[in-house]
Amino acid sequence: MRRRGSVLLYVVWVMLLLSLFASSVGSRSLFALDTAQRLTEQLRAAYVARAGARLAAAALAEDQTATVDGLGEPWAHNPGRFKDHPFGGGTFRIVGDVAPSGAVQYGLTDEERRLNVNTASAEALQRLLEVAGGLRDNEAQALAEAILDWRDPDDDQRPSGAEGFYYRSLAHGYDCKDGPFEHVEELRLLRGMTPQLYERLAPHVTVFGAGPVNVNTAGRTV
């Protein structure tokens, strides 16, 4: 009886170890399969995105008036061309700005329809902050001067602006850039900027383009 009991116990241990081994192998196989599926989806998404970029480039190549842009160009609103293209097991669309009516605009958006924060005057920035941001006159002037202090090469603070010593005094201090904006998101770092104000302002500003606003494509706010 003792020998039979020992054999039974041995068999139970062997079965337990085999079960654990099988569970481990199965778990690793499922993980590998899941990883492979994720990589495949990422690769497919990358090629779908590349197809969208090629379609956009083709539309720009058809522009016969490269020095003058308007909303009648081949790259502008055109649902038949830019909406829901099937490709490689996926679908892509090219979406520009949302129209004042709330309708989605299918096509490209020229950056010069926005105000360039690297070249705009203090007066233009102040006015946009009043119109788009809803700021009072003195608040808009202070933030406009903070924008100019951020982008100019010196550390001379304007009367209502902000330079390095202010930003370094913050809890998570940082330097004033004293150089051109590279991303619109840098506006979040400025003195007087709030998340809500940034959300209202961001659609109307840019860091790209030669500087002048394109009146043919600019929205009503700009």
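Everything that follows concerns the structure shown earlier in this document.
What counts, and at which threshold
- Residues numbered from 1 in each chain as written.
- Predicted model: local features only at pLDDT ≥ 70, side-chain atom pairs only at ≥ 80, totals over all residues.
- Heavy atoms only, no water.
- Helix = DSSP H or I, 4+ residues; strand = E, 2+ residues; numbered from the N terminus.
- Buried < 20%, exposed > 50% of the residue type's maximum accessible area, 1.4 Å probe, protein only.
- Contact = heavy atoms within 4.5 Å.
- Core = buried A, V, L, I, M, F, W, Y, C linked by side-chain atoms within 4.5 Å.
- Axes fitted to C-alpha atoms, helices over the stretch in contact; angles between N-to-C directions.
- Parallel < 35°, antiparallel > 145°, perpendicular 65-115°, else oblique.
- Left-handed = near helix turned anticlockwise from the far one by under 90°.
- Nonpolar A, V, L, I, M, F, W, Y, C, P; charged D, E, K, R; others polar.
- Patch = residues over 30% accessible without salt bridge, like charges linked within 9 Å, V, L, I, M, F, W, Y side chains within 5 Å.
- Areas by Shrake-Rupley, 256 points an atom, 1.4 Å probe, with all protein chains shown as cover.
- Salt bridge = Lys/Arg side-chain N within 4 Å of Asp/Glu carboxyl O.
- Phe/Tyr/Trp six-rings, centres within 6.5 Å; stacked < 30°, edge-to-face > 60°.
- Lys NZ or Arg CZ within 6 Å of the ring centre and 35° of its normal.
- Arc of directions from axis to C-beta.
- Expected span 1.5 Å × (residues − 1).

1. Examining the overall build of the protein chain
So, point 1. Regarding its fold elements, the protein chain presents 6 helices and 6 strands.
So, point 2. Along the protein chain, helices (α) and strands (β) appear in the sequence α-α-β-β-β-β-β-α-α-α-α-β when read from the amino end.
So, point 3. Relative to its full complement of 222 residues, the protein chain shows a buried share of 31%.
So, point 4. In the protein chain, once contacts between residues fewer than 6 apart in sequence are set aside, the share between residues at least 24 apart is 53%.

2. Focus on the nonpolar core
Most often, soluble globular proteins keep nonpolar side chains buried together rather than apart.
So, point 1. The biggest cluster of nonpolar side chains holds 29 residues, and the ones touching the most others in it are L125, L143, F181, L187, L190 and M193.
So, point 2. Secondary-structure elements contributing two or more residues to this core are α3 (122-131), α4 (137-151) and α6 (195-201).
So, point 3. No other element matches the 7 residues that α4 contributes to this core.
So, point 4. When near neighbours in sequence (up to four residues on either side) are disregarded, M193 contacts L143, L187, R188, Y198 and L201.
So, point 5. Grouped together as the second largest cluster of nonpolar side chains are 11 residues, L55, A59, F92 and I94 included.

3. Remarks on the packing of α3 against α4
Each pair of packed helices can be described by the angle between their axes along with the distance between the axes.
So, point 1. For the pair α3 and α4, the least separation of the axes is 8 Å and the interaxial angle reads 130°. As judged from the angle between their axes, α3 and α4 are oblique. Here α3 and α4 pass one another in a crossing that is right-handed. Of the residues in α4, those touching α3 at A122, L125, Q126, L129 and E130 are D137, A140, Q141, L143, A144, I147, L148 and R151.
So, point 2. Taken together, the residues that form the contact of α3 with α4 break down as 8 nonpolar, 2 polar and 3 charged.

4. A short note on a nonpolar patch on the surface
So, point 1. A cluster of nonpolar side chains, L43, Y47 and F87, forms an exposed patch at the surface whose accessible area comes to about 310 Å².
So, point 2. Structurally, Y47 can be placed in helix α1 (residues 2-61).

5. As for the environment of E139
So, point 1. One can find E139 in helix α4.
So, point 2. Taking relative accessible area as the criterion, E139 reaches 30% and is therefore assigned partly exposed.
So, point 3. Distance from E139 to G192, taken between C-alpha atoms, is 8.0 Å for residues 53 residues apart in sequence.

6. Notes on the packing of aromatic side chains
So, point 1. With the rule as written, the count across this model stands at 5 aromatic pairs.
So, point 2. Arranged with centres 5.5 Å apart and planes meeting at 85°, the rings of W150 and Y167 form a pair that is edge-to-face. Within this pair, whereas W150 is found in helix α4, its partner Y167 is found in helix α5 (residues 164-168), the two being separated by 17 residues in sequence.
So, point 3. In this structure Y167 comes out as buried when scored by relative accessible area, which is 0%.
So, point 4. When the centroid spacing of 5.5 Å and the interplanar angle of 25° are considered together, the rings of Y167 and Y174 count as stacked.
So, point 5. Judged by relative accessible area, which is 25%, Y174 ranks as partly exposed.
So, point 6. One aromatic cluster is present, formed by W150, Y166, Y167, Y174 and F181 through successive ring pairs.
So, point 7. The positively charged end of R50 is found above the aromatic ring belonging to Y47, 5.2 Å away from the centroid.

7. Digging into α3
So, point 1. Within the sequence span of α3, burial applies to L125, Q126, L128 and L129. Buried residues in α3, looked at end-on, bunch into an arc of 165°, giving them a common side. Turned more than 90 degrees away from the buried face of α3, the exposed residues are E123 and R127.

8. Thoughts on α4
So, point 1. In this model α4 runs 22 Å from its N-terminal to its C-terminal C-alpha over 15 residues, within 8% of the 21 Å that 1.5 Å per residue would give.
So, point 2. Here the buried face of α4 lies against α3, α5 and α6.

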